[in-house]
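Analysis of the macromolecular model
So you can see what is in the structure, the chains are spelled out below.
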Amino acid sequence: QQIQFADDMQEFTKFPTKTGRRSLSRSISQSSTDSYSSAASYTDSSDDEVSPREKQQTNSKGSSNFCVKNIKQAEFGRREIEIAEQDMSALISLRKRAQGEKPLAGAKIVGCTHITAQTAVLMETLCALGAQCRWAACNIYSTQNEVAAALAEAGVAVFAWKGESEDDFWWCIDRCVSVDGWQPNMILDDGGDLTHWVYKKYPSVFKKIRGIVEESVTGVHRLYQLSKAGKLCVPAMNVNDSVTKQKFDNLYCCRESILDGLKRTTDVMFGGKQVVVCGYGEV
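What comes next is a walk through the structure. (Residues numbered from 1 in each chain as written. Predicted model: local features only at pLDDT ≥ 70, side-chain atom pairs only at ≥ 80, totals over all residues. Heavy atoms only, no water.)

Regarding the sheet that holds strand β5 (residues 211–214)
Strand order in the open sheet formed by six strands is β3-β2-β1-β4-β5-β6, with parallel pairing between adjacent strands. Edge strands, defined here as strands with exactly one partner in the open sheet, are β3 (157–159) and β6 (236–238). Adjacent strand axes in the sheet meet at a mean angle of 15°, parallel and antiparallel pairs treated alike. Note that β5 and β6 share three bridges and pair parallel. In the strand pairing of β6, I212 is matched with A236. Where helix α5 (residues 117–128) meets the sheet, its contacts fall on β1 (108–113), β2 (132–137) and β4 (186–189), and the angle it forms with β2 comes to roughly 160°. (Pairing = 2+ DSSP bridges. Helix = DSSP H or I, 4+ residues; strand = E, 2+ residues; numbered from the N terminus. Axes fitted to C-alpha atoms, helices over the stretch in contact; angles between N-to-C directions. Contact = heavy atoms within 4.5 Å.)

With respect to the environment of M123
By the secondary structure assignment, M123 is in helix α5. Linking M123 and C133, residues 10 residues apart in sequence, is a C-alpha distance of 7.4 Å. When residues no more than four places from it in sequence are discounted, the contact partners of M123 are T113, I115, C133, W135 and L151.

Observations regarding the pairing of β1
In terms of residue burial, β1 counts as a mostly covered element, since five of its six residues are buried. Pairing geometry for β1 and β2, over six bridges, is parallel. Along β2, the bridge assignment pairs G111 with W135. Running through α5, the crossover from β1 to the neighbouring parallel element β2 is right-handed. With four bridges connecting them, β1 and β4 associate as parallel partners. Opposite V110, over in β4, you have I187 as the bridge partner. (Buried < 20%, exposed > 50% of the residue type's maximum accessible area, 1.4 Å probe, protein only. Right-handed = clockwise from strand over helix to strand, strands pointing away.)

A few points about unusual backbone geometry
In the Ramachandran plot, K102 falls in the positive-phi region, its phi being about 50° despite a non-glycine side chain. Within the secondary structure layout, K102 lies in the loop between α4 (89–98) and β1. Taking the relative accessible area as the measure of exposure, K102 reaches 38% and is therefore partly exposed. One non-glycine residue, D267, adopts positive backbone phi at about 55°.

What about the packing of helix α8 (residues 193–201) against helix α10 (residues 217–228)?
Running from N to C, α8 and α10 point in directions that differ by 30°, and their axes come no closer than 9 Å. In terms of their interaxial angle, α8 and α10 are classed as roughly parallel. Across the interface between the two elements, D193, T195, H196 and Y199 of α8 pack against R222, L223 and L226 of α10. Class assignment for the residues of the contact of α8 with α10 results in three nonpolar, two polar and two charged. (Parallel < 35°, antiparallel > 145°, perpendicular 65-115°, else oblique. Nonpolar A, V, L, I, M, F, W, Y, C, P; charged D, E, K, R; others polar.)

What follows is the structure in structure tokens.
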């Protein structure tokens, strides 16, 4: 006798409803989120359907001068920042040596970089040396939500979350620049988007900027375009000219990210294989 499973399995062949998928995801991932695992950045809940721009969030000090995915992830993000600090001895030494003198007192820095545990160490070093900082993300996908939450909890005005739309991207940059009673006098940029936004939307602010630091080759090319057109009225520094950037970051850090990118995109283990990566030398 042939056994018929069709009727019995009917409920399993249907596509689950949106609510059903969300509930199932929550029940499966509950242990992950409770243990502060790396999955905490990507938990699927009803909160994820609400844009951070529509949320009312405050940190433990009552400040709402930020916009992140979930301020409740701050403790998890703080742990990641502390791990990053262990490998960033130069910045930590700089804090210990100069934070009493506050050499950056009066600096109002608006920044646009990747918002990761490593850049968080940079931001908090600038703050420790006396600067006031407001920060946005230079990439819509690279933000570590828990790190952004930790920065917001610490009092940094950060506007960023993973998976921003293009409109979100420019909104975050604008929120960093357009503030009542606060005007930036320095720019730290990665890619040139922040610099060009200030140049085009806030020309009066741009003229009062004391200096620009640009981290990327792309951003430097854009600065050269402004300079050749006679429109770069602000001193600008090319980070790629520094020995540390050329001989360390461009050589070793790109090797790390290339291997990481290959493993993520192919989902293949390197163990048990011989791997050859063909390239054209230093970046």
